[in-house]
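# A closer look at the structure
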Amino acid sequence: MAKRSEKEASLSVIVIVALAILVVLTAQVESAAAAVSYVNLEDTVRKVVQEHMNINWGFGAGLLRLVFHDCFVRGCDGSVLLDRTPQNTKTEKESPSNGGLRGLEVIDAIRVRLAKDIGVTVSCADAVVFAAREATHILSKGKIAYDVDGPGRMDGIVSSAEDPGKHLPAPTDTFDLLMQKFRAKDLDLVELVALSGAHSVGVANVTSVIHRFGTPIPRGQMNRMYAGAVVIEMGTDGVVENNVRDFKPANRDTVAGYQANGVVDLNAVGYLDNSYYNANFQNMVLFNSDWELTTNTSAKQHMTLYMDADKWRAAFGKAMTRLSNELKSEGPLYEIGSRMTCNATNHMSY
């Protein structure tokens with residue numbers, strides 16, 4: 001017969017092994033549950049975004065712009081969503097850099113639907129990031145899918161109209177200034193060029209481009225035929241499509257003389273793709289900051305690389321993951337929990 005100490009030792013080994021197995025199985029179950037939950041979250045957010053884009057396709061580009069304008073200022077903290085108050089009459093919304101923000105109502109709709117349908121509560125900051133991810137997926141016809149962290153982002157309670165102008169790239173920026181602003185967020189030249197491709201969707205106001213219509217137009221900075229097409233497209237409302245591909249065919253082809261060069265799908269009007277780079281090489285882009293990419297040898301090399309749609313999609317998705325995950329909110333003032341509504345702070349946070 002085995003001695004008592006030997007039996008106890010054997011029993012201890014069995015218990016340890018059993019506990020180890022239990023831990024592994026529990027982790028697997030929790031991991032599977034988390035995966036299912038996250039899949040449900042993605043599906044729910046995508047449905048909400050799609051519903052709103054079916055009503056107004058422009059919400060897609062608006063949500064893509066919104067995440068950039070939130071995360072580049074104070075990190076991804078939802079501060080761009082806050083309305084003015086008697087105590088703070090100049091929030092980020094009041095900044096000229098944030099003129100024409102669209103899709104803000106989609107953010108609250110996402111939070112309501114997630115709580116109702118799958119019992120998940122997310123912060124406003126989370127909802128901004130998730131909305132941009134799903135808008136990108138829809139705008140790219142399902143060809144761009146990238147990973148983001150969360151839920152777990154914290155909603156900030158600080159919002160100042162002075163901040164966007166300090167941090168966000170401006171339409172008038174030079175290449176050096178663009179790089180300075182991106183490096184300040186630990187983003188590099190590759191990400192600058194890749195993220196600029198988002199200008200294949202959306203619209204611009206005359207106030208963002210009027211500086212490029214001097215007399216004469218600086219040589220090389222804007223195709224003169226394109227400039228004429230822009231004036232016609234802009235009309236009386238002062239708004240024009242970012243992408244020359246999305247102009248009316250007569251203005252695009254006859255007036256501007258745009259060439260698809262075998263790489264642009266002219267039927268993909270309103271969709272996110274790499275057509276921005278083909279347009280930029282023809283000096284048919286609205287913003288001086290876009291044209292500035294062509295003044296740098298390395299940037300031009302990446303622009304040429306991104307004429308390959310698959311390479312641009314991969315680079316864009318990777319850059320959006322970094323933007324969404326690594327531009328941490330700067331704090332230190334946050335909501336206790338998350339905001340009840342995304343356009344106002346909770347009183348308990350003060």
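Going by what an unreviewed UniProt entry lists, the protein chain is known as Peroxidase and is assigned to Hordeum vulgare subsp. vulgare. The annotation that UniProt attaches to the protein chain under Function (unreviewed entry) is "Removal of H(2)O(2), oxidation of toxic reductants, biosynthesis and degradation of lignin, suberization, auxin catabolism, response to environmental stresses such as wounding, pathogen attack and oxidative stress." Under the UniProt heading Catalytic activity (unreviewed entry), the entry covering the protein chain gives this text: "2 a phenolic donor + H2O2 = 2 a phenolic radical donor + 2 H2O".

Moving on, we come to the overall build of the protein chain. Along the backbone of the protein chain there are 14 helices and two strands. For the protein chain, with 350 residues in total, the buried portion stands at 48%. Within the protein chain, residue pairs in contact and separated by at least 24 positions form 71% of the contacts whose partners lie at least 6 positions apart. Carbon and sulfur atoms make up 57% of the accessible area of the protein chain, which totals about 16900 Å².

We now examine the pattern of salt bridges. For the structure shown, the criterion picks out 18 salt bridges. For Arg133, the salt bridge is made with Glu42, and the minimal N-O distance between the two is 3.6 Å. A residue pair is termed long-range when its members are at least 10 positions apart, and Arg133 in helix H4 (residues 124-139) and Glu42 in helix H1 (residues 4-55) qualify at 91 residues. With a closest N to O distance of 3.5 Å, Asp186 and Arg322 form a salt bridge. Here Asp186 is found in the loop between helix H6 (175-183) and helix H7 (189-196), whereas its partner Arg322 is found in helix H14 (residues 309-326), with 136 residues between them in sequence.

Below, the discussion takes up the state of the cysteines. Throughout the structure, instances matching the rule amount to two disulfides. The connectivity of the disulfide bonds within the protein chain can be written as 1-2, 3-4, using the sequence rank of each bonded cysteine.

What follows covers the confidence of the model for the protein chain. Summary statistics for the protein chain give a mean pLDDT of 88 and a share of 86% for residues scoring 70 or more. The model gives residues 1-36 a pLDDT under 50, and that stretch makes two contacts with residues more than four places away or in other chains.

Under the definition given, this model contains eight aromatic pairs. Between Trp312 and Phe316 the ring centres are 5.0 Å apart and the planes differ by 35 degrees, which places this aromatic pair in the tilted class. On the criterion of helical spacing, the pair formed by Trp312 and Phe316 is a turn pair, its members being four residues apart in helix H14. The pair Trp312 / Phe316 is uniform in exposure class, with both members buried. Put simply, the rings of Phe68, Phe72 and Phe182 touch in pairs and so form one group of aromatic residues. Sitting over the face of the ring of Tyr146, Arg133 holds its NZ or CZ atom 6.0 Å from the ring centroid. Taking NZ or CZ as reference, Lys141 lies 4.6 Å from the ring centre of Tyr271, over its face.

To continue, consider the UniProt feature "active site" (unreviewed entry) in the protein chain. UniProt tags His69 as "active site" (unreviewed entry). With respect to the helices and strands, the residue His69 is situated in helix H2 (residues 58-71). When residues no more than four places from it in sequence are discounted, the contact partners of His69 are Val80, Glu92, Ser97, Asn98, Leu101 and Leu168.

Right, let's talk about the nonpolar core for a bit. Among the nonpolar cores identified, the biggest contains 88 residues, and Val49, Leu66, Leu81, Ile107, Ile110, Tyr226 and Phe316 are the most heavily contacted of them. Counting residues per element, this core draws most heavily on H4, which supplies ten residues. Leave out the neighbours within four places in its chain, and Leu66 touches Val80, Leu81, Leu101, Leu104, Ile107 and Val128.

This brings us to the side chain of Asp163. Along the chain, Asp163 falls in helix H5 (residues 163-167). Its relative accessible area of 11% is what places Asp163 among the buried residues. If near-sequence neighbours (up to four positions away) are discounted, Asp163 is found in contact with Val73 and Arg74.

This part covers the environment of Ala279. Note on placement: Ala279 falls in helix H11 (residues 275-281). Among the residues examined, Ala279 registers a relative accessible area of 2% and is labelled buried. Along the primary structure Ala279 and Tyr258 are separated by 21 residues, whereas in three dimensions their C-alpha atoms are 7.8 Å apart. Leave out the neighbours within four places in its chain, and Ala279 touches Val244, Tyr258, Met284 and Val285.

For the rest of this paragraph, the subject is H14. When the terminal C-alpha atoms of H14 are compared, their 25 Å separation across 18 residues agrees well with the 26 Å that a helix rising 1.5 Å per residue should span. Of all the residues in H14, the buried ones are Trp312, Arg313, Ala315, Phe316, Gly317, Ala319, Met320, Arg322, Leu323, Ser324 and Asn325. Buried-residue contacts for H14 involve H2, H4, H7 and H11.

What follows is about H7. The element H7 is extensively covered by neighbouring structure, given that seven of its eight residues are classed as buried. As for H7, its buried residues are in contact with H2, H6, H11, helix H13 (297-305) and H14. Regarding H7, its N-cap is Asp188, as a side-chain oxygen of that residue lies 3.2 Å from the backbone nitrogen of Val190 further along.

Cut-offs applied
- Residues numbered from 1 in each chain as written.
- Predicted model: local features only at pLDDT ≥ 70, side-chain atom pairs only at ≥ 80, totals over all residues.
- Heavy atoms only, no water.
- UniProt positions renumbered as here; feature names shortened; annotations may be inferred.
- Helix = DSSP H or I, 4+ residues; strand = E, 2+ residues; numbered from the N terminus.
- Buried < 20%, exposed > 50% of the residue type's maximum accessible area, 1.4 Å probe, protein only.
- Contact = heavy atoms within 4.5 Å.
- Areas by Shrake-Rupley, 256 points an atom, 1.4 Å probe, with all protein chains shown as cover.
- Salt bridge = Lys/Arg side-chain N within 4 Å of Asp/Glu carboxyl O.
- Disulfide = S-S within 2.5 Å.
- pLDDT = per-residue confidence, 0-100.
- Phe/Tyr/Trp six-rings, centres within 6.5 Å; stacked < 30°, edge-to-face > 60°.
- Lys NZ or Arg CZ within 6 Å of the ring centre and 35° of its normal.
- Core = buried A, V, L, I, M, F, W, Y, C linked by side-chain atoms within 4.5 Å.
- Expected span 1.5 Å × (residues − 1).
- Polar contact = N/O pair within 3.5 Å; in protein donor to acceptor, adjacent residues only side chain to side chain.

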